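Listed below are the residues making up each chain.
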Amino acid sequence: MNCPPRQGKVLKDKEEFSRTDPDAHNKVYWLAVLNWAVPIFCVLVGLFITTQKFAPLMNYDPRVIGRPLFILKSGYRVYNPLVFLLGMIKYAFDETYSYYFFKAVPPLFFSLSLAVILFVTTSIIVSAHQKNQHIHGTARWATVKDLQKFGMLQEHGVVCGELENAKVGYHLKEEDQSLVLDLHKSILGRPLNAPLICHSGRTNTWMIAPTRSGKGVSTVIPTCINYGVPYYHYDVNKNSFFVKHFNKKLKFLAHKKKVIKGRGSMVIFDPKGENWNASAGWRSRFSTCIPFRPLGDRPLTEEDKKDEKWNKQTPEYTAHYNPIHEIPDNPNTAFAWADMIAEIFFGDDKKNGGGGDDASAYFAAKARDIFTAVVLHIRFAPEDEIPWKEKNMAKVLEFMSDASHEGKTGEDATDEENEGCGEEMCNKMIETNHGSKTIDNLVTLAANRSLLQPAKERGSTYSTVFSKISLFQDPLIAEATAYSDFSIDDFINSVNGISLYLIVPYNHIKRIAPVFRMLITFMIKKFSDGTTSANEVKLKVPCLFLLDEFPVLGYFPDIAMNMGILAGYGVTFFIISQSVNQIVDTYGEKHPFFDHCKTIMTYAPGNIGDAKAFSEMFGNRSVLLDNISSSGSKYQVGYSNISRSSQETQTSLINPDELMKLEFNRCIVINQGLPPYKGKKVVYYEDPRFKNKAWLPVPEMDFLYAQMRKLPSHKKHLVRKKPDSFNISVQKTINKIKSINVADIIPAEFDLFA
């Protein structure tokens, strides 16, 4: 297998954060011995050379220099250095001998100087051995160089914060007693911001920050503005002569092709609609913006326009999405997609598997079975029975509602009222020709299983179905899911980015969450359908799911299980929660999000549990603790003895209480393999990189509808439907001609040959 060439900077082989064994103690003893032995040896050598130099100056007079210690075979005489020292002490200031002493003494002075230097040097080496050896931990704060090495200083992508040298402050807002971020300015009025801490968005991100801590200001809105922005780039031809033969030295001479890079799609869960209003105006300039509001207003009719109330308020329109239309025509795969819809409503949503008691699980399984069959029936029933525009979730609810007697089923109904419940519906499903033997068989078997249930049990099963899908009786939700303005395939086939906003009032999230879960689950399944490889990603335009207040959407088994794998398909997630406990409540203690998310951000935690978890995650470090002891008499001036010793001790990089008191303008960013970085928050409404792009006028809905009609799914739909509509119109014309009675039209007295 041919591996791609290695590119980019090669990281160091040395593992900085892997501890090694402390230095052995015998090394200290050897250093202590050498600390004295080497200087003494230097002094002795210098004294010996000086003595040998002084001897010829005295003409080898034994009265001054003494007799030689020994004479070499060559005749060279070696004298005793002690005699020289004694003579120097005695005659150093004698005018007769002092001149000769000082002429011979330079080697001794040099050796003494060298001995002092060596003594100081070895002393420093011995002291340096007391340096921090990190026996308790290697934790430290990251630097700008670390961020750059790990690709965390990108220009576009997921915004995590900015470097710590940014002059970001905060003040108390008097009206509601809340803290507000502000960006300081220079004397000339220039904002004192810093480079962004930003990664490309090709990996998963998890942000943990309490409410009212500035998540939207610092991260969410800046990411909505900054991610997926296309830009021009010049690609160098790798097959160029200059690249092949001269590597990178003459790369600038190679042919370059101008290409557009950076395009990206986003799916933004927007609980308050703030992200739509803040970023849709900007994102609509380079991507197709789609607002999906299940509680949005329907298009105004002529009668609505006459009503004065619509003149006083602007309706919030919505794009439409019908999950039943996503079920493919292929009968072999249709069941899987229909069952997927059923799983969202009746699947096991308890953390770690298992949900409710045995009775609830039993009725949920039965409800899922009949619901899947009804969805298949609605989807594949002939259009003369159920027109294409009526094949939606509201029709599923209406069709199943006809199975009850005056709306009473299960425990709420008597035996007489339950008797016959659903029989007519099941028989109708069995009798209908769905255009495929496979679909007919699936629907018939499920209907028969329902008919085999006792009447009361069948009624309880239908009650379970109604309890889950009753939200589709809401006219607004029924309208929003009646048909589709876009398809999930558009995210796969579109050349440009798509920005899908899932907008809902906060107090309706729990009720509307199944609709969003259905849409997101469909997208995940569609995106990950098939195979992929490192060199062939399925989504040519990568897609980022920005899920603010992620836990309120409920249990997402597909995200929990496949979040890490989906990155290989070009699908990544940016999830936001107020605390780790929110995730634990939904997904259990052994949730996988720390495993799946390469980048983690946090502000000052709101509870001690999160603070302890992050403090432990940041790690421990070793510090040198100096111990100074002194001794002396009570009445003595000063101390007779002062001793100093150092020892390593363990401390956390940041304590839990310190983390909870983290400054309001601070953020901490963690990346796999990267030490935590303590940066500053972004103030988008004062930052020139964002403030001119935020809160631009949101396009009118007519413009957005026009943009949606340019999506690939609409083009395919028109190509597929045109022949059908043409054939239908031709058939209508033929039928109309056949219905004409010529005798009624041509008078009896008309003579063709007259």
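Right above here is the structure, for reference.
A brief look at the structure comes next. Everything quoted here is computed from the prediction, not taken from an experiment.

Definitions and limits used
Residues numbered from 1 in each chain as written. Predicted model: local features only at pLDDT ≥ 70, side-chain atom pairs only at ≥ 80, totals over all residues. Heavy atoms only, no water. Helix = DSSP H or I, 4+ residues; strand = E, 2+ residues; numbered from the N terminus. Buried < 20%, exposed > 50% of the residue type's maximum accessible area, 1.4 Å probe, protein only. Contact = heavy atoms within 4.5 Å. Areas by Shrake-Rupley, 256 points an atom, 1.4 Å probe, with all protein chains shown as cover. Pairing = 2+ DSSP bridges. Polar contact = N/O pair within 3.5 Å; in protein donor to acceptor, adjacent residues only side chain to side chain. Salt bridge = Lys/Arg side-chain N within 4 Å of Asp/Glu carboxyl O. Arc of directions from axis to C-beta.

Some words on the overall build of the chain
Summing up its helical and strand segments, the chain has 29 helices and 19 strands in all. Within the span of the chain, comprising 754 residues, buried residues form 43% of the whole. Within the chain, counting contacts between residues at least 6 apart in sequence, those at least 24 apart form 77% of the total. A total accessible area of about 42200 Å² is found for the chain, and carbon and sulfur atoms account for 55% of it.

Brief notes about the pairing of strand E4 (residues 168-173)
Inspection of the sheet shows E4 paired to strand E5 (residues 178-183) by six bridges, in the antiparallel sense. Note on E5: the bridge partner recorded for Lys173 is Ser178. Here E4 hands over to E5 after four residues, with Gln177 in that stretch at a positive phi of 55 degrees.

A word on the environment of Thr219
Inspection of the secondary structure puts Thr219 in helix H7 (residues 215-226). On a C-alpha basis, the gap between Thr219 and Lys681 in space is 8.0 Å, while along the polypeptide they are 462 residues apart. In terms of polar contacts, Thr219 uses its side chain to reach the side chain of Tyr603, at 3.2 Å.

Details of the pattern of salt bridges
Counted by the stated rule, this structure contains 13 salt bridges. Asp146 serves as the salt-bridge partner of Arg140, at 2.9 Å between the closest nitrogen and oxygen. We classify Asp146 as buried; its relative accessible area is 7%. Between Asp369 and Arg449 there is a salt bridge, with its nearest N and O atoms 2.8 Å apart. Within this pair, whereas Asp369 is found in helix H13 (residues 358-380), its partner Arg449 is found in helix H17 (residues 437-452), the two being separated by 80 residues in sequence. For Asp369, a relative accessible area of 23% translates into the label partly exposed. Here the salt bridges do not stand alone but share partners, grouping Glu162, Asp687 and Arg689 into one network.

A few points about unusual backbone geometry
Notably, Gln177 is not glycine yet its phi reads approximately 55 degrees, a positive angle. Tracing the sequence through the fold places Gln177 in the loop between E4 and E5. Not every positive phi belongs to a glycine, and Glu549 is a case in point at roughly 50 degrees. Within the secondary structure, Glu549 sits in the loop between strand E13 (543-547) and helix H22 (557-566). Under the relative-accessibility criterion, Glu549 is labelled buried at 10%.

Considerations on helix H16 (residues 423-431)
When H16 is considered as a whole, its buried residues turn out to be Met425, Cys426 and Met429. Along H16, the residues classed as buried sweep out an arc of 95 degrees about the axis, all on the same side. Turned more than 90 degrees away from the buried face of H16 sit Glu424 and Glu431, all of them exposed. Looking at the buried positions of H16, the neighbouring elements they touch are H13, helix H14 (393-401), H17 and helix H18 (455-469).

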